Amino acid sequence: MLAVVLTGPPGAGKTAVLTALVDALSDDDIAHAAVEVEALAWTHPPPGDEQWMEHLRAACELYRDAGHRLLLVAQTIETDADLTQLLDAVGADQYMLVRLEAQPATLAKRIIEREPDGWSGLPGLVDHAQELAASMPALHGVDLVVSTEDQRPEAVVERIRAARPDALLPAPRRRP
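In what follows, the accompanying structure is described. (Residues numbered from 1 in each chain as written. Predicted model: local features only at pLDDT ≥ 70, side-chain atom pairs only at ≥ 80, totals over all residues. Heavy atoms only, no water.)

### Details of the side chain of Thr-7
- Looking at the element boundaries, Thr-7 is found in strand 1 (residues 2-7).
- Those residues in contact with Thr-7, other than ones at most four positions away along the chain, are Lys-14, Gln-75, Thr-76, Ile-77, Leu-97, Val-98, Arg-99, Leu-100, Met-136 and Leu-139. (Helix = DSSP H or I, 4+ residues; strand = E, 2+ residues; numbered from the N terminus. Contact = heavy atoms within 4.5 Å.)

### Some thoughts on the layout of surface pockets
- For the largest pocket, the calculated volume is near 1,200 Å³.
- Taken together, 36 residues make up the lining of the largest pocket; nearest its centre are Pro-10, Lys-14, Glu-38, Thr-76 and Arg-114.
- Elements represented by at least two residues in the lining of the largest pocket include exactly helix 1 (14-27), helix 2 (37-40), helix 3 (49-65), helix 4 (80-90), helix 5 (104-114), helix 6 (122-135) and helix 7 (153-163).
- Examining the composition of the lining of the largest pocket, we find that four residues originate from one element, helix 1, more than from any other.
- Counted by class, the lining of the largest pocket contains 15 nonpolar, 11 polar and 10 charged residues. (1 Å grid on protein atoms, 1.4 Å probe; cavity = no way out; pocket = protein on both sides within 12 Å on 5 of 7 lines; lining within 4 Å. Points joined across faces, edges and corners; volume = space filled by probe spheres on them. Nonpolar A, V, L, I, M, F, W, Y, C, P; charged D, E, K, R; others polar.)

The structure is reproduced here in structure tokens:
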């Protein structure tokens, strides 16, 4: 199984790019499964590391058992240790780690536009996104860095697919 892992700070476009990648692969009839890790952990109180990892591990195992050989995963990975935990839970044979990035001002703008007015966590999320924009370039194991600055998700997806045409693009048709 190949896992394409999309990461980046909040506001970098992980969900939009994941959705566009799912659409492109579906349009080309390329079998896949997708997991947005933060959606698995959307509970109150939030789950601890072990609990969300167990949810992810179970979901990935079910996809493997169903025959999926391509898994798309979106998760904000803050540290190398977070990456190790995620990859262990996913349990794929191969990985492609894609880090999405945008300017700190763009991250703030996107977060403010998408979150509800008056949400008490907004200032903290904006600050954290800007901190991650500065620290995430130090992550190890990144295969591809793509800026989402002034880019439509579909354009970002084309860059990702071009980096792994063997798995993310349809096989060329042979002439008889």
